[in-house]
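Single-letter residue listing:
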Amino acid sequence: MEQMDYAINLICGDGYVVDWTAISAVATAVAVIVALWVPAMDRRTRRRERLEAEARASEAISLSLQTVLEIFPKVVDEIKNTNGALIDAPGTNFLYGIEGCHEIIEREALCYQLPKSYMALGLLVSSFARKWCNEIDVRIQTQRNEELKRIIDWREHKFTCHLGEQLHAHATTLRNECAKTRVAYEKSQTPRIVRMYNFCKISLKNENGGRQA
């Protein structure tokens, strides 16, 4: 304590009276701020890590959807045009469609890293892709078996086409959700001051547009 008083007198001059109550209050306030700041920083760090993982998963899944999104309308049309026959003249689009489904299935585990708001959608698309592959396999095996062909209406393809259309529709929705996640992550990487500036700029633009109208 004597060393502290000596240092204070040396800096502030002899006779300076230290308000220890005020210093204690300031120290307490600083300790509270630090205690609140550290958990807040941890939460922000975990949030950034979560957003990064979600963005990476959404990017990978979006890439796996490209083949299905591009090919499946043509695949469904081919099945309709051949009246359900899959082994007589399987088109290139049909084969690419199966390959695209396998790409989705291979990345199914990444669906668990998607945001919870559409994680179930990702798993549903993967389930549709698996069901499509199973459906096509059963149809091909049936058409190769003459005995089964005699007892089963193997040309009935409404369910198969409906399954393909549902897969394409849900895959489209999933791709859009993945795109939103990537945009949100990119925005989170922008410095806060820039985001505030952009927000104010857009607000002023909208306000001026409303006045002119």
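Details of the structure are given in the entry above.
Residues numbered from 1 in each chain as written. Predicted model: local features only at pLDDT ≥ 70, side-chain atom pairs only at ≥ 80, totals over all residues. Heavy atoms only, no water.

Enquirer: How should the overall build of the chain be read in this particular structure?
Expert: For the chain, the count of helices and strands is 7 helices and 0 strands. Going from the N terminus to the C terminus, the chain shows its helices and strands as α-α-α-α-α-α-α. Among the 213 residues that make up the chain, the fraction classed as buried is 29%. The long-range share in the chain, meaning contacts at least 24 apart out of those at least 6 apart in sequence, stands at 75%. Of the accessible surface of the chain, which amounts to about 14,500 Å², a share of 57% is contributed by carbon and sulfur atoms. (Helix = DSSP H or I, 4+ residues; strand = E, 2+ residues; numbered from the N terminus. Buried < 20%, exposed > 50% of the residue type's maximum accessible area, 1.4 Å probe, protein only. Contact = heavy atoms within 4.5 Å. Areas by Shrake-Rupley, 256 points an atom, 1.4 Å probe, with all protein chains shown as cover.)

Enquirer: Whenever I open this one, the nonpolar core confuses me. Can you help?
Expert: Core analysis: the biggest nonpolar cluster contains 32 residues, and L65, C101, L114, V125, W132, L167 and L174 have the highest contact counts within it. Elements supplying a minimum of two residues to this core: α2 (20–81), α3 (92–106), α4 (116–144) and α6 (158–188). At 10 residues, α2 tops the list of elements feeding residues into this core. Discounting residues that sit within four places of it in the chain, L174 has contacts with I61, L65, L114, Y118, L121, G122 and V125. (Core = buried A, V, L, I, M, F, W, Y, C linked by side-chain atoms within 4.5 Å.)

Enquirer: Teacher, can you tell me more about α3 here?
Expert: Because the α-helix completes a turn every 3.6 residues, residues three or four places apart line up on one side. Here α3 spans 21 Å end to end across 15 residues, near enough to the 21 Å set by a 1.5 Å rise per residue. Those residues of α3 that sit buried are F94, G97, G100, C101, I104 and I105. All buried residues of α3 fall inside an arc of 140° around its axis, so they share one side. (Expected span 1.5 Å × (residues − 1). Arc of directions from axis to C-beta.)

Enquirer: What is the right way to look at empty space enclosed by the protein in this model?
Expert: Gaps left between atoms show up when a probe the size of a water molecule is rolled over them. Counting across every chain of the model gives 1 cavity of 30 Å³ or more. One number sums up the size of the largest cavity: a volume of about 30 Å³. Taken together, I61, S64, L65, I104, R107, E108, C111, G122, V125 and L174 form the lining of the largest cavity. Of all the secondary structure elements, the ones that give two or more residues to the lining of the largest cavity are α2 and α4. (1 Å grid on protein atoms, 1.4 Å probe; cavity = no way out; pocket = protein on both sides within 12 Å on 5 of 7 lines; lining within 4 Å. Points joined across faces, edges and corners; volume = space filled by probe spheres on them.)

Enquirer: What am I meant to see in the packing of aromatic side chains here?
Expert: Working definition: an aromatic ring pair is given by the centre-to-centre distance plus the angle between the planes. Applying the stated criterion to the full structure yields 1 aromatic pair. The ring of W154 has K149 sitting right over it, with the charged end atom 4.8 Å from the ring centre. (Phe/Tyr/Trp six-rings, centres within 6.5 Å; stacked < 30°, edge-to-face > 60°. Lys NZ or Arg CZ within 6 Å of the ring centre and 35° of its normal.)

Enquirer: Would you explain the environment of L69 in this entry?
Expert: Within the element layout of this structure, L69 appears in helix α2. Taking the relative accessible area as the measure of exposure, L69 reaches 12% and is therefore buried. Note: C-alpha distance between L69 and L167 (98 residues apart in sequence) is 8.9 Å.

Enquirer: Looking at this structure, I do not really get the state of the cysteines. What am I missing?
Expert: Such a bond, covalent and formed between the sulfur atoms of two cysteines, is termed a disulfide. As enumerated under the stated definition, the model contains 0 disulfides in all. C178 supplies the cysteine sulfur nearest to C111, a cysteine that is in no disulfide, at a spacing of 8.2 Å. Distance from the sulfur of C133, which forms no disulfide, to the nearest cysteine sulfur (C101) is 4.5 Å. Given the relative accessible area of 14%, C133 is considered buried. (Disulfide = S-S within 2.5 Å.)

Enquirer: Is there a simple way to explain α6 in this structure?
Expert: Helix length check: α6 (31 residues) gives 45 Å between terminal C-alpha atoms against 45 Å at 1.5 Å per residue, within 8%. Of the residues making up α6, those classed as buried are T160, C161, L163, G164, L167, A171, L174, C178, T181 and Y185.

Enquirer: I would appreciate a short explanation of unusual backbone geometry in the present structure.
Expert: Note on backbone geometry: most residues besides glycine have negative phi, and most peptide bonds are trans. For N83, which is not a glycine, the phi torsion comes out positive at approximately 55°. One can find N83 in the loop between α2 and α3.

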